[in-house]
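Residue strings, one per chain:
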Amino acid sequence: VDEPTWERMWRHVGRIHPEGDRVAQRIRGAADLPKIPIPSVPVFQPSTPIPERLEAVQRYIRELQYNHTGTQFFEIKKSRPLTGLMDLAKEMTKEALPIKCLEAVILGIYLTNNMTTLDRFPISFKTHFSGNYFRHIVLGVNFGGRYGALGISRREELMYKAPVFRTLSELIFDFEEAYRRCWHTLKKVKLGHCVSHDPHSVEQIEWKRSILDLDKLTREDFRKELERHARDMRLKIGKGTGPPSPTKDRKKDVSSPQRGQASPSRRNSRGDRRPSGEKKPADSKAMPDLNGYQIRV
């Protein structure tokens, strides 16, 4: 059985505080502490419009608050299958602890799984400020051909974006302008593909379908690559991805359903080559750098 999140936190306090164990026991044993309100997971009526649902999801994520403690309460392994990440999201709603940007993305996927007309995909940013590089991630959304985003950040303008942007490039340019107001220079954007709505899928989230290096792209090329990625996502959704993704119950019965097809995979097509000069890492199961997502803005 996994150790509860609160137990891990108290153990951490015991290590870093001069009288950590004594302080933790004194707090845990106090009977007169005020009751801390726990945010309620949003519940929707079938008639509730998608934009209103997204606002409610973002409000819930915001109510959990940003984690300024320096302690990572939830360990996010990006190589885990979607079903494992959804189990972790359930734990987040149960513990109701402060979160950071990557945790907010996982929670956003979990809370929007029943919105089947909503497309979700990860958007990662790498920026430069005062000699240092910073990383951030949000959950891009597309509803009715309009783009937006869910997430959490120290900065209000770097998380929620209502689905009002006509193109993916307009959304990314809005984030770029927000970074500019924070004196950050956008260096790189990584775009993933659409995430399955099946909470039991054993597929991994594709975090880095397109890696766009702004130092190697003109402004127009950058815009074209963003729209190419948006077009690729529409084609993938329009064509479908073949048989349903394998789940825990049928994992052993499914073996490479796409390999028998004569046409090559789109990933190897010429249209998916990026002029940025960077190649997608070959080992998609490599362990992620968790510290890289602790943005300072």
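Residues numbered from 1 in each chain as written. Predicted model: local features only at pLDDT ≥ 70, side-chain atom pairs only at ≥ 80, totals over all residues. Heavy atoms only, no water.

1. Details of the sheet that holds strand β4 (residues 161-165)
Rules: Two strands pair under a simple rule: DSSP has to find at least two bridges between them. Runs of E in the DSSP output that reach at least two residues are strands. Runs of H or I that reach at least four are helices, and both are numbered from the N terminus. Axes here mean lines fitted to C-alpha atoms, for a helix over just the part in contact, with angles spanning 0 to 180 degrees between N-to-C directions.
One open sheet holds the six strands; their spatial order is β4-β3-β2-β1-β5-β6, and the pairing between them is antiparallel. Bordering the open sheet on either side are β4 and β6 (210-213), each of which pairs with just one other strand. When the angles between neighbouring strand axes are averaged without regard to direction, this sheet yields 25°. Pairing of strand β5 (residues 185-191) with β6 involves four bridges; the strand directions are antiparallel. Directly across from lysine 190, in β6, lies its bridge partner isoleucine 211.

2. Let's talk about empty space enclosed by the protein
Note the following rule: Only protein atoms enter the 1 Å grid used here, on which a cavity is any set of points holding a 1.4 Å probe that cannot leave and a pocket is any open set flanked by protein within 12 Å on both sides along at least five of seven lines; residues with an atom within 4 Å of a point are listed as lining. Grid points are joined across faces, edges and corners, and a volume is the space filled by probe spheres set on the points.
Under the defined criterion, the tally for this structure stands at two cavities of 30 Å³ or more. Contributing to the lining of the second largest cavity are Asp119, Phe121, Asn142, Tyr147, Cys194, Ala230, Met233, Arg234 and Ile237. At the level of elements, β1 (119-129) and α7 (219-239) are the ones that each hand at least two residues to the lining of the second largest cavity. Top contributing element to the lining of the second largest cavity by residue count: α7, with four residues.

3. Overview of helix α6 (residues 168-181)
Spelled out, the test is: To estimate the expected span of a helix, count its residues, drop one, and scale the result by 1.5 Å. Buried means the residue's accessible area, taken with a 1.4 Å probe over protein chains only, is under 20% of the maximum for its type, while exposed means over 50%, and partly exposed covers the values in between.
In a regular helix each residue adds 1.5 Å, so 14 residues correspond to 20 Å; α6 covers 20 Å between its end C-alpha atoms and thus fits that length. Listed in full, the buried residues belonging to α6 are Leu168, Ser169, Leu171, Ile172, Phe175, Glu176, Ala178 and Tyr179. Phi turns positive one or two residues past the end of α6, at tryptophan 183, with a value near 70°.

4. Observations concerning the side chain of glutamate 206
In plain terms, the rule: Polar contact criterion, stated in full: a pair of N or O atoms within 3.5 Å, where within protein one must be able to donate a hydrogen and the other to accept it, and residues adjacent in sequence count only if both atoms are side-chain atoms.
Its place among the elements puts glutamate 206 in the loop between β5 and β6. A residue is classified by how much of its surface remains accessible, and glutamate 206, at 16% relative accessible area, is buried. Side-chain polar atoms of glutamate 206 contact the side chain of arginine 209, separated by 3.4 Å.

5. Overview of the pattern of salt bridges
Worth spelling out the cut-off: By convention in these notes, a salt bridge is any Lys or Arg side-chain nitrogen within 4 Å of a carboxyl oxygen on Asp or Glu.
Summed over all chains, the structure comprises eleven salt bridges. Here arginine 219 makes a salt bridge to glutamate 176, at a shortest N to O gap of 2.7 Å. You can see arginine 219 sitting in helix α7 and its partner glutamate 176 sitting in helix α6, a full 43 residues away along the chain. Relative accessible area serves as the criterion here: at 8%, glutamate 176 is assigned to the buried category. Between arginine 180 and glutamate 177 there is a salt bridge, with the nearest N and O atoms lying 2.5 Å from each other. Placement of the pair is arginine 180 and glutamate 177 together in helix α6, with a separation of three residues, close to one helical turn. On the accessibility criterion, arginine 180 (44% relative accessible area) is partly exposed. Relative accessible area serves as the criterion here: at 33%, glutamate 177 is assigned to the partly exposed category.

Everything listed is a geometric property; what it means functionally is a separate question.
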